[in-house]
Amino acid sequence: MLAGRLNIRTRVLSMEEVPTPHAGPGEVRIKVAAAGVCLSDVHLIEGSLTPRRLSGDTVTLGHENAGTIDEVGEGVSGITAGQRVLLRAGEPRDGVVFTRGVDYDGGWAEYAVARADTVVPIPDSLPFEQASFIPDAVSTPWAAITTTAQTQPARAVGVWGIGGLGAHAIQLLRLVGAAPLIAVDPLPAARERALAFGADIALDPADEQFDQAVTNATRGTGLGTAFDFAGVPEVREQAIRCLGENGKLVLVGLSDQPITVTDGIRFSYLGQQILGHYGSRAEHVEQLVTLAELGRLDLSRSVSEILPLSEAPEAVRRLASKQGNPIRIILRP
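Below is a short write-up of the structure.

## Digging into the side chain of S302
- Within the secondary structure layout, S302 lies in the loop between α9 (282-293) and β17 (303-308).
- In contact with S302, other than residues within four places in its own chain, are F133, H168, Q171, F197, I327 and R328.

## A closer look at the pairing of strand β1 (residues 2-7)
- Most of β1 sits inside the fold, with 6 of its 6 residues counted as buried.
- Here β1 shows no split at all, with L2, G4 and L6 on one side and A3, R5 and N7 on the other all buried.
- With 6 bridges joining them, β1 and strand β2 (residues 12-17) adopt antiparallel strand pairing. Bridging across to β2, L2 finds its partner in E17.
- As defined by bridge partners, β1 adjoins strand β4 (residues 58-60) across 3 bridges and the pair is classed as antiparallel. Across the sheet, the residue bridging to R5 is T60, located in β4.

## Let's talk about the pairing of strand β8 (residues 96-99)
- Where strand β7 (residues 90-93) meets β8, 4 bridges bridge the pair, whose relative direction is antiparallel. Bridge pairing in β8 links R93 to V96.
- Linkage of β7 to β8, two consecutive antiparallel strands, is achieved through a turn of 2 residues, within which D94 is found at a positive phi near 55°.

## Focus on the nonpolar core
- Membership of the largest hydrophobic core comes to 46 residues, with the highest contact counts inside it found for L86 and I134.
- Looking at this core, the elements with two or more residues in it are α2 (128-131), α3 (134-148), β11 (157-160), α4 (164-176), β12 (181-184), α5 (188-197) and α9.
- Setting aside anything within four residues of it in sequence, one finds I134 in contact with L86, L126, S139, V285, L288, V289 and L299.
- Of all hydrophobic cores here, the second largest spans 34 residues; its members include L2, I79, L87 and I329.

## Digging into the pattern of salt bridges
- Under the criterion given, the structure shown has 15 salt bridges.
- In this structure, R5 and D105 form a salt bridge, with 3.0 Å as the shortest nitrogen-oxygen distance. Taken together, the residues R5 in strand β1 and D105 in the loop between β8 and β9 (111-115) connect sequence positions 100 residues apart.
- A relative accessible area of 15% means that R5 is categorised as buried.
- Among the charged side chains, a salt-bridge network with shared partners connects E91, R93, R115 and D117.

## Here we look at a nonpolar patch on the surface
- Judged by side-chain polarity, I259, V261 and I274 come together as a nonpolar surface patch covering roughly 190 Å² of accessible area.
- Given the relative accessible area of 32%, V261 is considered partly exposed.

## Re the packing of α4 against α5
- At a minimum axis distance of 9 Å, the contact between α4 and α5 shows a crossing angle of 25°. It follows that α4 is roughly parallel to α5 by the angle criterion. When you trace α4 past α5, the crossing you get is right-handed. Of the residues in α5, those in contact with A167, I170 and Q171 of α4 are R193, A194 and F197.
- In terms of residue class, the contact of α4 with α5 is built from 4 nonpolar, 1 polar and 1 charged.

Reading the values: rules and limits
- Residues numbered from 1 in each chain as written.
- Predicted model: local features only at pLDDT ≥ 70, side-chain atom pairs only at ≥ 80, totals over all residues.
- Heavy atoms only, no water.
- Helix = DSSP H or I, 4+ residues; strand = E, 2+ residues; numbered from the N terminus.
- Contact = heavy atoms within 4.5 Å.
- Buried < 20%, exposed > 50% of the residue type's maximum accessible area, 1.4 Å probe, protein only.
- Pairing = 2+ DSSP bridges.
- Core = buried A, V, L, I, M, F, W, Y, C linked by side-chain atoms within 4.5 Å.
- Salt bridge = Lys/Arg side-chain N within 4 Å of Asp/Glu carboxyl O.
- Patch = residues over 30% accessible without salt bridge, like charges linked within 9 Å, V, L, I, M, F, W, Y side chains within 5 Å.
- Areas by Shrake-Rupley, 256 points an atom, 1.4 Å probe, with all protein chains shown as cover.
- Axes fitted to C-alpha atoms, helices over the stretch in contact; angles between N-to-C directions.
- Parallel < 35°, antiparallel > 145°, perpendicular 65-115°, else oblique.
- Left-handed = near helix turned anticlockwise from the far one by under 90°.
- Nonpolar A, V, L, I, M, F, W, Y, C, P; charged D, E, K, R; others polar.

In structure tokens:
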């Protein structure tokens, strides 16, 4: 079968013919119908992100996948061939979460094997292209909003970085009643998208009137929560300055750079917090599938482009260069 394989030593992504895997005991195999291309994949290829638990030097990328069960392993019950499913982005092993497409082979391939307890059935009304990226691009901000930040309705929030995760965060924050909802991005197209997705205002972080605009929007109280989806030190420093009393900065965007709190006295006096966030849990994915099935969550606008699996390197290039300002580029085997 065809698969997008990354050599971690050389950081070379190549499309290779590899043996088609089979489902072992407790596993299922899916025929992949759609696979998302995420900025984390770009980070892996560029070298700013390295697998910590990968056995060997090469891995099939892809942690956002949906398709149809076509082989059921020994000992698996409650799952049948032909069932439409998505794959969660990782699986717990002895108390440690291994990430699909990072620590073990993912779904940039014609077929993918998954532990049976990591598949989530999806309704016929949810297209594979939209279901595929729920396990990260939607569930990661959802978990950050509902669990890590414990976002309260009618409390001011700011979202820095309106890309793949940030765009969904805007939709989800509006769903839980956060208000006012302030989007921050240097790209005009991203700010326009934020407004279309439900932001109350969208700001350029370089605007000379930025601080005053936040003050006006929050009626002087500052932000209850600031979400960093960019993973940029300057973003984090600006977001901290915008926090109000008991405000929280939630770090979702990945960065290996240090965090600077310029005014530590103010930070402590106001009882502010910095919270790290990574990924999501099984219940977050299941909640989102339910919301999508009931029509509370529209993911159709998030599919920016669909390319054949063979063009995975081109999809990576387009995402890395922000060509067309994509939310999610989807690979179709």
